[in-house]
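What follows is the residue order along each chain.
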Amino acid sequence: MSAVASMMALTGSVSGVSGPAVFHFLVIGGGGSGGVRSGGGGGAGGYRTSWTGAGSEQSGRNSTPETPLQFEAGDTFTVTVGAGGAASTFTGNNGRPGNPGQSSVFATITSLGGGRGGHYRNNVRNSDGGDGGSGGGAANNAYSQPGNGTATQGHDGNRGGGGAGSAPTGTNPGGQFGGAGLTSTITGSAVTRAGGGGYNNLYAGGSGGGGRGGSSQTPGTAGQANTGSGGGGTGGTTGGGASSGAGGSGVVFLRVPNNVTLTQTTGNLTVPTPVSISGTNEHYYRFVGGGTSGTLQVNTS
């Protein structure tokens with residue numbers, strides 16, 4: 001059966017009460033990897049959430065949190081955890097772009113993978129940062145353009161730095177730092193995720209796990225795993241050079257009443273033991289493992 005969208009801004013349903021259970025979610029796509037040779041940072045994966053916390057939390061691109069979903073006992077839905085984009089390695093004068101991240105999914109909610117980082121390509125186009133949940137950063141020259149982010153998921157890339165959930169890219173005027181991620185308390189603790197990757201020349205990645213940029217012979221740093229953050233871009237010299245930072249894998253959080261449990265009917269997800277949230281009648285599931293997917297069934301007691 002499919003999810004029924006909640007019509008109210010509920011924070012959860014009471015254990016033992018009959019009827020649909022409210023599922024709050026945080027779904028982050030896999031981050032894009034950085035480019036090589038004047039490499040732009042990878043964009044963060046798309047960031048979609050229904051959790052408002054104390055009322056000040058936001059979904060991607062600084063948008064209003066979405067409506068939570070509702071399910072009843074016996075309903076099924078899909079969860080997919082997007083992998084981060086693989087690192088790229090310098091192989092010649094033209095360098096190489098990064099690789100996009102994969103999308104993460106919860107039922108009807110899809111958070112796109114982050115865009116690839118751009119690269120230098122001997123004064124021709126086709127070296128742009130890629131579009132995605134958040135856009136990949138451009139190579140820092142006139143022939144490369146940053147990638148576009150997606151409404152309600154993430155910001156555009158910039159002239160070097162990868163886009164992210166909260167801020168387009170960094171605070172420096174040139175835009176080479178990775179964009180800042182967003183903070184969520186869906187687990188009961190405040191954690192920042194979905195930072196953009198930094199540009200070549202050792203520019204920092206964005207808060208929330210964005211990878212730092214490398215240099216001519218220094219690899220870029222990978223985006224932090226399970227945050228959907230972008231990897232850092234890197235330099236490169238004729239005949240050799242360093243690899244870019246891989247994108248961080250995505251993650252799916254589901255916050256549900258204590259009387260709700262989930263079992264996998266098909267797929268290769270690892271279904272974790274739910275973690276109780278202090279001071280509430282709720283617990284949460286955290287799904288990790290980029291590239292895994294499964295169908296889950298709702299059970300109630």
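Scroll up to find the structure this text is about.
Please read these numbers as outputs of a predicted model, since none were measured by experiment.

1. Quick look at the overall build of the protein
Of the regular secondary structure elements, the protein holds 0 helices and 14 strands. Out of the 301 residues belonging to the protein, those deemed buried represent 53%. Look at the contacts in the protein between residues 6 or more apart in sequence, and 59% of them connect residues 24 or more apart. If you sum the accessible surface of the protein, you get close to 10900 Å²; carbon and sulfur atoms cover 49% of it.

2. Re the packing of aromatic side chains
Remark: the centre distance and the inter-plane angle together describe each pair of aromatic rings, the angle taken between the planes. As enumerated under the stated definition, the model contains 11 aromatic pairs in all. Taking the centre distance of 5.0 Å and the plane angle of 75° together, the rings of Phe 23 and Phe 71 count as edge-to-face. Placement of Phe 23 in strand β2 (residues 21-28) and of Phe 71 in strand β4 (residues 69-71) is noted, with a sequence separation of 48 residues between them. Across this residue pair, the class does not change: Phe 23 and Phe 71 are buried. Seen from their ring centres, Phe 253 and Tyr 284 are 6.1 Å apart, and the 55° between their planes marks the pair as tilted. In this pair, Phe 253 sits in strand β10 (residues 251-257) while Tyr 284 sits in strand β13 (residues 282-287), placing the two residues 31 residues apart along the sequence. Taking relative accessible area as the criterion, Phe 253 reaches 3% and is therefore assigned buried. Of the aromatic side chains, those joined through ring pairs into one cluster are Phe 23, Phe 25, Phe 71, Phe 77 and Phe 106.

3. Points about the nonpolar core
In terms of nonpolar packing, the biggest core is built from 21 residues, with Phe 23, Phe 77, Val 79, Phe 106, Leu 254, Leu 262 and Phe 287 touching the most fellow members. The dominant element in this core, judged by the number of residues it contributes, is β2, at 4 residues. If we ignore the near neighbours within four places in the chain, the residues touching Leu 262 are Phe 23, Phe 77, Leu 254, Val 271, Tyr 285, Phe 287, Leu 296, Gln 297, Val 298 and Asn 299.

Each value, and the rule that gives it
- Residues numbered from 1 in each chain as written.
- Predicted model: local features only at pLDDT ≥ 70, side-chain atom pairs only at ≥ 80, totals over all residues.
- Heavy atoms only, no water.
- Helix = DSSP H or I, 4+ residues; strand = E, 2+ residues; numbered from the N terminus.
- Buried < 20%, exposed > 50% of the residue type's maximum accessible area, 1.4 Å probe, protein only.
- Contact = heavy atoms within 4.5 Å.
- Areas by Shrake-Rupley, 256 points an atom, 1.4 Å probe, with all protein chains shown as cover.
- Phe/Tyr/Trp six-rings, centres within 6.5 Å; stacked < 30°, edge-to-face > 60°.
- Core = buried A, V, L, I, M, F, W, Y, C linked by side-chain atoms within 4.5 Å.

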